[in-house]
Structures are given as C-alpha cells and as structure tokens.
Amino acid sequence: MGDGGVGKTSMVLRYCENTFKENYIMTIGSNFSTKQVDLEKYPNFLIKLQLWDLAGQKHFSFVRPPFYRGSSATVYTFDLTRRSSFQNILNWKNEVEKVIGDGKPSILVGNKIDLAEQGQREVGIGEGEALKEELNAITYLETSAKNDTRIEPVFKDLTLAILEKTQKL
Ligand code: GDP
Ligand code: MG
C-alpha cells in the first residue's frame with residue numbers, strides 16, 4: 001500500500017524478476033505476482049508468496065477493497081523524498097484495516113533511499129521509526145528498488161511474521 005509513484009511496482013519487480021525500470025508506468029487496477037520464499041530458519045517449509053500490487057491513485061480507490069479481503073499481511077510504502085506520501089500512510093492503514101482488521105502483520109518501508117542519500121530526503125529515520133511504532137508494524141526498512149537495497153528483507157521479514165503467526169512450528 002502507498003501513494004502512486006512511491007515504488008510499489010518497482011519493489012515487486014526487483015524482488016520477483018530482479019529488474020528495474022526508470023520510466024514510470026502507472027499501475028492500472030492491479031498486478032499479481034508470485035515468488036517462492038526460502039527461509040533459512042524454516043527449511044522444511046515450501047512457501048509461495050502471492051503479491052498483490054494495487055494502483056495507488058485516488059481515482060482507483062473504489063476498485064481496491066475487494067483485493068484486500070483474505071490478505072495475510074501488508075507492506076506500507078512511502079517515498080523518502082516525498083513527505084506527503086509519508087503523511088498518507090495512516091490513511092492507507094485505515095483503508096486496509098476496514099477490510100482485514102488490525103491483527104495482520106505489516107511492515108513499513110521508506111523507498112528511494114538512493115535519492116535520499118543524494119540530499120533529497122524529506123522524512124527522517126526517527127520519523128519512520130516512530131510511524132512504525134504507531135502502525136504496530138514489525139519493522140521499518142529504508143530501501144531502494146533501483147539499487148536493490150534491502151528489498152529482499154522486506155518480503156522475507158514479512159513472510160517470517162506470517163508463518164510464525166499462522167502455523168504451528
Ligand atoms: P508505484 O506507483 O508505487 O507502483 O511506483 P513505481 O514502482 O511505478 O515507481 C514510480 C517511479 O519511481 C518510477 O519512475 C520508478 O522508476 C521510480 N522508482 C521506484 N523505486 C525507486 C527507487 O528506489 N529509487 C529511485 N531513484 N527511483 C525509483
Ligand atoms: Mg504501481
């Protein structure tokens with residue numbers, strides 16, 4: 001979840017296909033991807049993650065709620081160089097939790113750290129950490145889909161949380 005342009009599609013593309021595209025192609029409706037996850041801690045589990053990447057723009061808000069139903073976890077993403085996308089995270093939380101409730105694991109991601117490190121940062125690390133606490137998310141990670149920074153930990157940490165919450169281990 002997160003505003004249009006924060007890098008949701010790019011994160012999924014990086015994680016599932018290890019590619020990156022500079023040109024912005026707005027997601028229409030939804031994209032669906034799957035990826036097998038190998039967790040070192042639980043080598044006996046065969047895990048197939050299903051990733052739903054939804055259009056973040058306001059005018060797509062009416063198509064999103066049905067996609068939330070049945071989801072196991074949420075990745076909240078903002079753009080470290082765009083403060084408004086950070087301020088909107090609580091609106092995303094409201095939209096999602098109306099459908100799935102507040103008991104599912106989530107993770108908070110500040111994306112585009114490559115640009116933040118070039119002087120374009122608009123949200124501090126401490127602010128990200130504080131929002132993570134407010135969301136009750138499992139971790140806060142600063143990522144770059146472009147440079148492949150901490151993209152895998154986003155999905156692995158969340159998968160681990162889902163597994164430990166839902167399975168007898
Ligand atoms: P979405 O609307 O949230 O799905 O955002 P996209 O994944 O389509 O990305 C929006 C724009 O930001 C695209 O032009 C991407 O190339 C760019 N982008 C995404 N992630 C990063 C990143 O980590 N660093 C930089 N510099 N650009 C990024
Ligand atoms: Mg997209």
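Presented here is a report on the structure given in the accompanying data block.

Scoring rules and cut-offs
Residues numbered from 1 in each chain as written. Chains lettered and ligands numbered in written order. Predicted model: local features only at pLDDT ≥ 70, side-chain atom pairs only at ≥ 80, totals over all residues. Heavy atoms only, no water. Helix = DSSP H or I, 4+ residues; strand = E, 2+ residues; numbered from the N terminus. Buried < 20%, exposed > 50% of the residue type's maximum accessible area, 1.4 Å probe, protein only. Near = heavy atom within 4 Å. Polar contact = N/O pair within 3.5 Å; in protein donor to acceptor, adjacent residues only side chain to side chain. Areas by Shrake-Rupley, 256 points an atom, 1.4 Å probe, with all protein chains shown as cover. 1 Å grid on protein atoms, 1.4 Å probe; cavity = no way out; pocket = protein on both sides within 12 Å on 5 of 7 lines; lining within 4 Å. Sits in = over half its atoms within 2 Å of the grid points. Nonpolar A, V, L, I, M, F, W, Y, C, P; charged D, E, K, R; others polar. Salt bridge = Lys/Arg side-chain N within 4 Å of Asp/Glu carboxyl O. Donors = N, O, S within 2.8 Å, 3.2 Å for Na, K, Ca; no water. Patch = residues over 30% accessible without salt bridge, like charges linked within 9 Å, V, L, I, M, F, W, Y side chains within 5 Å. Points joined across faces, edges and corners; volume = space filled by probe spheres on them.

1. Details of unusual backbone geometry
So, step 1. Although it is not a glycine, Lys-112 sits at a positive phi angle of roughly 75°.
So, step 2. Residue position: Lys-112 is located in the loop between strand E4 (106-111) and helix H5 (113-120).
So, step 3. Exposure remark for Lys-112: the relative accessible area of 22% places this residue in the partly exposed category.
So, step 4. With phi around 65°, Asn-136 is a residue other than glycine that occupies positive phi space.
So, step 5. Examined against the element boundaries, Asn-136 turns out to sit in the loop between helix H6 (125-135) and strand E5 (140-143).
So, step 6. Under the relative-accessibility criterion, Asn-136 is labelled exposed at 66%.

2. Some details on the site of ligand 1
So, step 1. Lining the immediate surroundings of ligand 1 are 20 residues, of which Gly-5, Ser-10, Lys-21, Glu-22 and Asp-114 lie closest.
So, step 2. One of the backbone N or O atoms of Glu-22 is found 2.8 Å from an oxygen atom in ligand 1.
So, step 3. Here Asn-111 contributes a side-chain N or O atom positioned 3.1 Å from a nitrogen atom of ligand 1.
So, step 4. Across the complex, the protein chains shield 92% of the 590 Å² of accessible surface that ligand 1 would expose by itself.
So, step 5. When atoms are counted within 2 Å of each cavity's grid points, the one that captures over half of ligand 1 is the second largest pocket.
So, step 6. Secondary-structure elements contributing two or more residues to the shell around ligand 1 are helix H1 (8-17) and H5.
So, step 7. Of all the elements, H1 adds the most residues to the shell around ligand 1, at three residues.
So, step 8. Residues belonging to the shell around ligand 1 are distributed by class as follows: five nonpolar, eight polar and seven charged.

3. Things to note about the side chain of Ser-85
So, step 1. Tracing the backbone shows Ser-85 in helix H3 (residues 83-87).
So, step 2. At 2.9 Å, the side chain of Ser-85 forms a polar contact with the backbone nitrogen of Asp-79.

4. Observations concerning the pattern of salt bridges
So, step 1. Within the structure shown, the criterion is met by nine salt bridges.
So, step 2. Linking Glu-127 and Arg-83 is a salt bridge whose minimum nitrogen-to-oxygen distance equals 2.6 Å. A residue pair is termed long-range when its members are at least 10 positions apart, and Glu-127 in helix H6 and Arg-83 in helix H3 qualify at 44 residues.
So, step 3. By relative accessible area, which is 31% here, Glu-127 ends up partly exposed.

5. Focus on the coordination of the magnesium ion (ligand 2)
So, step 1. Here the magnesium ion (ligand 2) is held by Thr-9 (OG1) and Thr-27 (OG1), and the distances to it run 2.0 to 2.1 Å. Taken as a pair, Thr-9 in helix H1 and Thr-27 in the loop between H1 and strand E1 (30-37) lie far apart in primary sequence, 18 residues in all.

6. Let's talk about a nonpolar patch on the surface
So, step 1. Among the surface-exposed residues, Tyr-24, Met-26 and Ile-28 lie close enough to one another that they form a single nonpolar patch of about 340 Å² accessible area.
So, step 2. Checked against the element boundaries, Met-26 lands in the loop between H1 and E1.

7. Remarks on the layout of surface pockets
So, step 1. By volume, the largest pocket is sized at about 790 Å³.
So, step 2. For the largest pocket, the lining is made up of 32 residues, of which Gln-50, Leu-51, Trp-52, Ser-71 and Ala-73 are closest to its centre.
So, step 3. When the residues that make up the lining of the largest pocket are grouped by side-chain class, the tally is 19 nonpolar, nine polar and four charged.
So, step 4. Along the wall of the second largest pocket there are 29 residues; nearest its centre are Gly-7, Ser-10, Lys-21, Asn-23 and Tyr-24.
So, step 5. For the lining of the second largest pocket, the secondary structure elements donating two or more residues are H1, strand E2 (47-54) and H5.
So, step 6. The dominant element in the lining of the second largest pocket, judged by the number of residues it contributes, is H1, at four residues.
So, step 7. Its residues assigned to classes, the lining of the second largest pocket comprises ten nonpolar, twelve polar and seven charged.

Taken by themselves, the reported measurements are silent on function.
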